[in-house]
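Analysis of the macromolecular model
Spelled out, the chains give:
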Protein chains: 2
Amino acid sequence: MTGTTKSGTAERAPRAGRPGYDQGSVLEIAVQLFNEHGYDATSMGQLAERLGTSKSAIYHHFTSKEEVLALALDHALGGLEAILEKPLARTGAPDASLTFVLREAVVVLCERLPSVTLLLRVRGNTDVERQALERRRAFDRTVADLVDAARAEGTLRRDIDSRTTTRLLFGMINSIVEWYRPGGPITPDQLAADVLAVALDGLRSH
Amino acid sequence: MTGTTKSGTAERAPRAGRPGYDQGSVLEIAVQLFNEHGYDATSMGQLAERLGTSKSAIYHHFTSKEEVLALALDHALGGLEAILEKPLARTGAPDASLTFVLREAVVVLCERLPSVTLLLRVRGNTDVERQALERRRAFDRTVADLVDAARAEGTLRRDIDSRTTTRLLFGMINSIVEWYRPGGPITPDQLAADVLAVALDGLRSH
């Protein structure tokens, strides 16, 4: 997306005896292709072509296209799940935990934009996709529980249906993948602050 | 989506001498298929199969698959553009116009969910798609102008970047197509009120 892939690759030293791309670089280009053309419509041959290498060079790193997908989705989900493991997400008032989790989620979205974009498009057509969807739903449920706890303690308004509240929150946050450009004028931290300001206090001047 | 297609078709009188589906019903099923499998991956043969009719029966109503797409996208865009023609969108304070347009946009999204879903997935691969994208951008620009005018008059907060504000607003509203179910417990009017409450006043209790 940022057009820095080639130079990024050049800066990394390939492992000895293995010409060309390392696993991480192949994964990065693969996620780009999946996002451009769709996972189903992308072949390992196209990936090799984009990399300027052979299919066997890719199979040196991955056993199958599905393994590429699994690793890409794990990159997105691992980032989100790590948020929930942090003390600030697990202790203290629900209000504070929710604020922390939402802020960190926006940062992960921005920093892992390509793999999160891929994750958000997964529809559950294969086992790998279904497992990823299940992990995504578990993350969403934990956030929904925090929303409910914050409603119960009275810090979040209760005049809007609980599920609608959570869905509008996720809708706003997930939509970031449609337009955010890493390296642009808005830093992940700034965007996280903006999202929290809009979601919690709204756009109206007070 | 609602499973009422068959009975809906039965209620409409087919034009004399033309057995089976009328143009509107073919369009409805086509949009369903496009949303399920993607426009590019859907053939007129699959559409005929789903309808239990022949391709020639479909070509009786449409000259090409692209014409089906054009009409479907026009249904979505026509609904949105009609909002901007109403007096309440064009006169009075920017704050009031913006509130009116956002509320009506949510209602159109809910009431024309399948065709708006299709519209939001358009990426501009053909002339028809590019024309639809241009109309969608014109609608978005008008809303963005209302946001800017409401910021200028001081009713919307100015501590968040103007483009970020508009994008988060659209992000929240457009995400409705991912989960809203027509005929469910939440009416379009209720959802519109909820979206405005969250967007303008936020989720925090005051």
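Residues numbered from 1 in each chain as written. Chains lettered and ligands numbered in written order. Predicted model: local features only at pLDDT ≥ 70, side-chain atom pairs only at ≥ 80, totals over all residues. Heavy atoms only, no water.

Description of the overall build of chain A
Along its length, chain A carries eleven helices and zero strands. Along its sequence from the N terminus, chain A presents helices and strands in the succession α-α-α-α-α-α-α-α-α-α-α. Counting across all 206 residues of chain A, residues that qualify as buried make up 49%. Put simply, 61% of the contacts in chain A that link residues at least 6 apart link residues at least 24 apart. Counting every atom, chain A has about 10,000 Å² of accessible surface; 52% of that belongs to carbon and sulfur. Of the charged side chains in chain A, 25 are positive and 27 negative, and the gap between their average positions amounts to 2 Å. (Helix = DSSP H or I, 4+ residues; strand = E, 2+ residues; numbered from the N terminus. Buried < 20%, exposed > 50% of the residue type's maximum accessible area, 1.4 Å probe, protein only. Contact = heavy atoms within 4.5 Å. Areas by Shrake-Rupley, 256 points an atom, 1.4 Å probe, with all protein chains shown as cover. Lys, Arg positive; Asp, Glu negative; His and termini not counted. Charge placed at Lys NZ, Arg CZ, Asp CG, Glu CD.)

Looking at the domain arrangement of chain A
The accessible area lost on association of the parts is a frequent measure of interface size. Residue and element names in this part refer to chain A. Entries for chain A in the domain assignment read domain 1 (5-62) and domain 2 (66-201). Each of domain 1 and domain 2 has a C-alpha centre, and the two are 28 Å apart. Taken together, the contact between domain 1 and domain 2 spans ten residues of the former and 13 residues of the latter. For the pairing of domain 1 and domain 2, the buried interface totals around 1,000 Å² over both sides, and the portion due to carbon and sulfur atoms is 70%. (Domains from an automatic or database assignment. Buried area = accessible area lost by both parts, 1.4 Å probe.)

Some words on the relation of the copies chain B and chain A
For the pair chain B and chain A, the best superposition has an RMSD of 0.0 Å and corresponds to a rotation of 180° with a translation of 0.0 Å parallel to the axis. Read as a symmetry element, the transformation amounts to a two-fold axis. Interface residue correspondence from chain B to chain A reaches 100%, placing this contact among same-surface, isologous pairings. (Least-squares fit on C-alpha atoms with pLDDT ≥ 70 in both.)

Concerning the interface of chain B and chain A
Contacts between chain B and chain A engage 33 residues on the former and 33 residues on the latter. Taken over both partners, the interface formed by chain B and chain A buries close to 3,200 Å², and the fraction arising from carbon and sulfur atoms is 59%. Of the charged contacts, one joins arginine 204 of chain A and aspartate 201 of chain B as a salt bridge, the two residues approaching to 3.0 Å between their closest N and O atoms. Here chain B is connected to chain A by 20 residue pairs in polar contact (both at pLDDT 80 or more). Elements that contribute at least two residues to the side of chain B that touches chain A include exactly α10 (162-174) and α11 (188-201) of chain B. Examining the composition of the side of chain B that touches chain A, we find that eight residues originate from one element, α11 of chain B, more than from any other. (Salt bridge = Lys/Arg side-chain N within 4 Å of Asp/Glu carboxyl O. Polar contact = N/O pair within 3.5 Å; in protein donor to acceptor, adjacent residues only side chain to side chain.)

Overview of the packing of helix α7 (residues 94-111) of chain B against helix α9 (residues 127-152) of chain B
All names here are of chain B. Across the interface, α7 lies against α9 with an axial gap of 8 Å and an inter-helix angle of 145°. Judged by the twist between their axes, the crossing of α7 over α9 is left-handed. Here Pro94, Asp95, Ser97, Leu98, Val101, Leu102 and Ala105 of α7 come into contact with α9, specifically with Phe139, Val143, Leu146, Val147, Ala149 and Ala150. Split into classes, the residues belonging to the contact of α7 with α9 amount to eleven nonpolar, one polar and one charged. (Axes fitted to C-alpha atoms, helices over the stretch in contact; angles between N-to-C directions. Left-handed = near helix turned anticlockwise from the far one by under 90°. Nonpolar A, V, L, I, M, F, W, Y, C, P; charged D, E, K, R; others polar.)

Re helix α3 (residues 44-51) of chain B
All names here are of chain B. Those residues of α3 that sit buried are Met44, Leu47, Ala48 and Leu51. In an axial view of α3, the angular spread of the buried residues amounts to 100°, which keeps them on one side of the axis. Summarising the contacts, the buried residues of α3 are in contact with α2 (23-37), α4 (55-59) and α5 (65-85). Glycine 52, located one to two residues past α3, shows a positive phi value of around 65°. (Arc of directions from axis to C-beta.)

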